[in-house]
Amino acid sequence: MKQQIVGLAGEEEYLANHKPIMRIGDYVEWKGAWNTEKPKIVKIMSIEVECIGKSGIEVQEVEWEKVNNEQVIVTLDNKHWAYGYQIKQPEIL
């Protein structure tokens, strides 16, 4: 007899319990010139959170849901830096 599990199943359950994380070394989609340039895929070299001005606390990772404002700053492998709102997870083809 099969046991029925109540609640979310499979991928939905995983996503509900595991928030997407951005880490140093991840690749992101970045738009330069304050989001006016075409997107490029770049690698994250450093992450700072709780930023005031252009400096904050260096961390190895941060939840993606927190990467949408000026309180997260990343340094990129193309010698640029970006606020959180200038980057996003690349689309999987």
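Worth saying up front: this structure is predicted, and the values here are computed from it rather than measured.

Conventions we followed
Residues numbered from 1 in each chain as written. Predicted model: local features only at pLDDT ≥ 70, side-chain atom pairs only at ≥ 80, totals over all residues. Heavy atoms only, no water. Helix = DSSP H or I, 4+ residues; strand = E, 2+ residues; numbered from the N terminus. Buried < 20%, exposed > 50% of the residue type's maximum accessible area, 1.4 Å probe, protein only. Contact = heavy atoms within 4.5 Å. Areas by Shrake-Rupley, 256 points an atom, 1.4 Å probe, with all protein chains shown as cover. pLDDT = per-residue confidence, 0-100.

**Some thoughts on the overall build of the chain**
Moving on, step 1. From N to C terminus, the chain includes 2 helices and 8 strands.
Moving on, step 2. When the helices and strands of the chain are placed in sequence order, the string is α-β-β-α-β-β-β-β-β-β.
Moving on, step 3. Taken across its 93 residues, the chain has 26% of its residues classed as buried.
Moving on, step 4. Look at the contacts in the chain between residues 6 or more apart in sequence, and 47% of them connect residues 24 or more apart.
Moving on, step 5. When the accessible area of the chain is evaluated, it comes to approximately 7200 Å², of which 51% is carbon and sulfur surface.

**Observations regarding the confidence of the model for the chain**
Moving on, step 1. Residues at a pLDDT of 70 or more form 81% of the chain, whose mean pLDDT is 85.
Moving on, step 2. Throughout residues 1-6 the model reports pLDDT below 50, and contacts reaching past four residues in sequence, or to other chains, amount to 0 contacts.

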